[in-house]
Amino acid sequence: MSRDQWAAVDDYFIEHLVPADEILDATLAASAAAGLPDIQVSPPQGRLLRLLAEIRGARSILEIGTLGGYSTICLARGMAKDGSLTTLEIDPKHADVARANFALAGLADVIDLRLGPALDTLPELDGPFDLIFIDADRPSYPQFLPLVLSLSRAGTVIVADNVVRKGAVVDPNTPDAGVRGVRQFIEDVSRHPRLDATLMQTVGVKGYDGFTLARVIS
Ligand code: SAH
Ligand code: DHB
Ligand code: MG
């Protein structure tokens, strides 16, 4: 199987399962026009985030890593009617693009974007959150874990993106700080008494990667 085939299969399912969406298309166009990197979740992954929010009946959602707000909008769309979402972004340019996209989506009132390094903004937040999506700064994943757990309660769902990285995660001697961060994160999650977790490897338009899905037990 080649990357082209993975992408063709993703495209097939995108055509059949992911409804065309002018707002999300406009979000991606504005992000590209502003020169943001093309690293947002894929359309099926965005759909998964929305479905998870709906399945969880999430009223409060936290995201680490906004970029242009593509995944943020997917999550916010799945949120319960009276819900609110907090998203953390370090880059002011990304934050500006995202805020414009939230306004375009009619979601500016329910999304609170906090500018700054997540390790600084996380301790300022009031939890608990029902759903937490970690999608930034892989070297810091192990430091994010206790902070997001202090913002969780029984039933909180935690998704952590980009934990496979073309399989690099299995190399114990990797020099890559992001992969080292992910390995420590996975070990901490696996040992943690408050967490049940699994891992899904993914292939598709974004190549070969994967995400961790965890549930806070207590
Ligand atoms: N969730 C987005 C993609 C996020 S890409 C989507 O799927 O649409 C990762 C983002 O995290 C980038 O915008 C980057 O600027 C931001 N970031 C990186 N390190 C960060 C940190 N320490 N705190 C907050 N944001 C960070
Ligand atoms: C990168 C970051 C992501 O969050 C992602 O999903 C894919 C790639 C990156 O930094 O290259
Ligand atoms: Mg990601």
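Because the structure is predicted, anything quoted here is derived from the model rather than measured.

**Student:** Explain the site of ligand 2 residue by residue, including any values.
**Tutor:** By nearness alone, every residue bordering ligand 2 is listed as Ile-39, Asp-135, Arg-138, Asp-161, Asn-162, Arg-165 and Lys-206. Take Asp-135: an N or O atom from its side chain is 2.8 Å from an oxygen atom of ligand 2. Interatomic distance of 2.7 Å between a side-chain N/O atom of Asn-162 and an oxygen atom of ligand 2. Compared with its free state, where it exposes 290 Å², ligand 2 has 71% of that area covered by protein. Residues of the shell around ligand 2, tallied by class, amount to one nonpolar, one polar and five charged.

**Student:** If you had to explain helix α8 (residues 177-191) to someone new, which residues and values would you point to?
**Tutor:** Taking 1.5 Å of rise per residue, 15 residues should cover 21 Å, and α8 covers 21 Å from first to last C-alpha, within 8% of that figure. All of the buried residues in α8 are Gly-178, Val-179, Gly-181, Val-182, Phe-185 and Val-189. Considered in projection along α8, the buried side chains sweep an arc of 155 degrees and stay on one side of the axis. Exposed residues pointing more than 90 degrees away from the buried face of α8 are listed as Ser-190 and Arg-191.

The rules behind these values
Residues numbered from 1 in each chain as written. Chains lettered and ligands numbered in written order. Predicted model: local features only at pLDDT ≥ 70, side-chain atom pairs only at ≥ 80, totals over all residues. Heavy atoms only, no water. Near = heavy atom within 4 Å. Polar contact = N/O pair within 3.5 Å; in protein donor to acceptor, adjacent residues only side chain to side chain. Areas by Shrake-Rupley, 256 points an atom, 1.4 Å probe, with all protein chains shown as cover. Nonpolar A, V, L, I, M, F, W, Y, C, P; charged D, E, K, R; others polar. Helix = DSSP H or I, 4+ residues; strand = E, 2+ residues; numbered from the N terminus. Expected span 1.5 Å × (residues − 1). Buried < 20%, exposed > 50% of the residue type's maximum accessible area, 1.4 Å probe, protein only. Arc of directions from axis to C-beta.

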